[in-house]
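Spelled out from the first residue to the last, the chains are:
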Amino acid sequence: MHLNRQPIVSGFLLLAGFWGSSLSYAGELPPPIQALADQGLEIHGQFDAPGGMRGFGASVQGQDMAIYLTPDGEHAIVGTLMDSEGNDLTEAQLDEHVRAPLEAETWQLLADSYWVQDGDVDAPRIIYTFTDANCPYCHQLWQDVRPWVASGDVQLRHIMVGILAPDSPGKAATILGADDPAATLSAHKSGEHEVEASAQTREIEEQVYANNQLFEELGLFATPTSAFQREAENGSVRIDRIEGMPSDERLIEMMGSEAP
């Protein structure tokens, strides 16, 4: 179980492909860009643009966008830049300067949450999954991934939340507060010994609250929700996520291979 929890960063973006948090551009902004920032846009990074312009990656309310500063530095244009052949010159810049860094920060937030280890700590593939002790689909996912976990290829890190039933927070706290959280979770998932809600220290209760808060701030709705890394075509590492039970095809994608 990981216990070094950092403060949650607010303003998460739920990617209908990506997750991210508000990672602000640290440089001094030109007045038109600063004016947009003052209106609520989050400015994430700067990139080169044709025609003497300067580009800035930005987001607001979960939507990413590009801002182009005119050469005179006095005007800003929000939108998509096209070349004479109709090619979109904006999408790749947004991917590099907004989505990728936000995903990297989100992955760190998941790592800094309170989770229970499931599988070999040295397993090369890491999957974070939000788990409620009362969630039957979480139980099914636990069963379905056993071949990969048993082989040592994959480790799941169960971020324990309490959202589905009145006793869900108490059960999550019982698991996190157990002498051996991994064994307690395994016994519960396998049906060997079902966990019951029990009084825990305030510290453990706050861990469950922090996990619930993270779940909500990411804009999630279903358990299990699982996050894993994948390599993009350009070689960068990105985050993918599956809400609910994955299909057979998506399970293989999430695990990184066919069942051992």
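None of the values given here were measured: they were computed from a predicted structure.

So, about the overall build of the chain. Helices and strands together make up the secondary structure of the chain, namely eight helices and eleven strands. The buried share of the chain, reckoned over its 260 residues, is 47%. In the chain, once contacts between residues fewer than 6 apart in sequence are set aside, the share between residues at least 24 apart is 64%. Of the roughly 12600 Å² of accessible surface on the chain, a fraction of 49% belongs to carbon and sulfur atoms.

Tracing the chain through its elements places H44 in strand β3 (residues 42-48). Once the C-alpha coordinates of H44 and R99 are considered, the two residues, 55 residues apart in sequence, prove to be 9.4 Å apart. Polar side-chain contacts of H44 include one of 2.6 Å to the side chain of S59.

This next bit is on unusual backbone geometry. P224 follows T223 through a cis peptide bond whose omega is -5°. The topology assignment puts P224 in the loop between α7 (202-217) and β10 (225-231).

Read across the open sheet, the four strands follow the order β3-β4-β5-β6; overall the sheet is antiparallel. For this open sheet the edge positions go to β3 and β6 (76-78), each flanked by a neighbour on one side alone. In this sheet, adjacent strand axes meet at a mean angle of 30° when their direction is disregarded. Note that strand β4 (residues 54-60) and strand β5 (residues 63-69) share seven bridges and pair antiparallel. Across the sheet, F56 pairs through a bridge with I67, a residue of β5. Against the sheet, helix α2 (residues 91-111) contacts β3, β4 and β5, and its axis sits at roughly 140° relative to β3.

As a further point, take the side chain of H188. With respect to the helices and strands, the residue H188 is situated in helix α6 (residues 181-190). Leaving out residues up to four positions away in the same chain, H188 has contacts with A133, H139, H193, E194 and V195.

This brings us to the packing of helix α3 (residues 136-144) against α6. Running from N to C, α3 and α6 cross one another at 105°; their axes reach a closest spacing of 9 Å. Relative to α6, α3 is oriented roughly perpendicular. Only S186, H188, K189 and S190 of α6 make contact with α3, whose side of the interface consists of C138, H139, W142 and Q143. Of the residues belonging to the contact of α3 with α6, the class tally is two nonpolar, five polar and one charged.

The next point concerns α7. Helix length check: α7, at 16 residues, gives a terminal C-alpha distance of 22 Å against a target of 22 Å (1.5 Å per residue), a fit within 8%. Residues of α7 that are buried: I204, Q207, V208, A210, N211, N212, L214 and F215. Where the residues of α7 are buried, they touch α2, β8 (125-132), β9 (154-161) and α5 (168-176). Once α7 finishes, G219 follows within two positions and takes phi at roughly 75°, a positive value.

Turning our attention to the confidence of the model for the chain. This prediction gives the chain a mean pLDDT of 88; 89% of its residues lie at or above 70. Note that pLDDT drops below 50 for residues 1-23; the model gives that stretch 88 contacts with residues more than four away or on any other chain.

For the rest of this paragraph, the subject is the packing of α5 against α7. Taken N-terminus to C-terminus, the directions of α5 and α7 make an angle of 120°; their axes are 9 Å apart at the nearest point. With respect to their mutual orientation, α5 and α7 come out oblique. The hand of the α5/α7 crossing is right-handed. Of α7, the residues touching α5 (which contributes P169, A172, A173 and L176) are I204, Q207, V208 and N211. Taken together, the residues of the contact of α5 with α7 break down into six nonpolar, two polar and no charged.

Each value, and the rule that gives it
Residues numbered from 1 in each chain as written. Predicted model: local features only at pLDDT ≥ 70, side-chain atom pairs only at ≥ 80, totals over all residues. Heavy atoms only, no water. Helix = DSSP H or I, 4+ residues; strand = E, 2+ residues; numbered from the N terminus. Buried < 20%, exposed > 50% of the residue type's maximum accessible area, 1.4 Å probe, protein only. Contact = heavy atoms within 4.5 Å. Areas by Shrake-Rupley, 256 points an atom, 1.4 Å probe, with all protein chains shown as cover. Polar contact = N/O pair within 3.5 Å; in protein donor to acceptor, adjacent residues only side chain to side chain. Pairing = 2+ DSSP bridges. Axes fitted to C-alpha atoms, helices over the stretch in contact; angles between N-to-C directions. Parallel < 35°, antiparallel > 145°, perpendicular 65-115°, else oblique. Nonpolar A, V, L, I, M, F, W, Y, C, P; charged D, E, K, R; others polar. Expected span 1.5 Å × (residues − 1). pLDDT = per-residue confidence, 0-100. Left-handed = near helix turned anticlockwise from the far one by under 90°.

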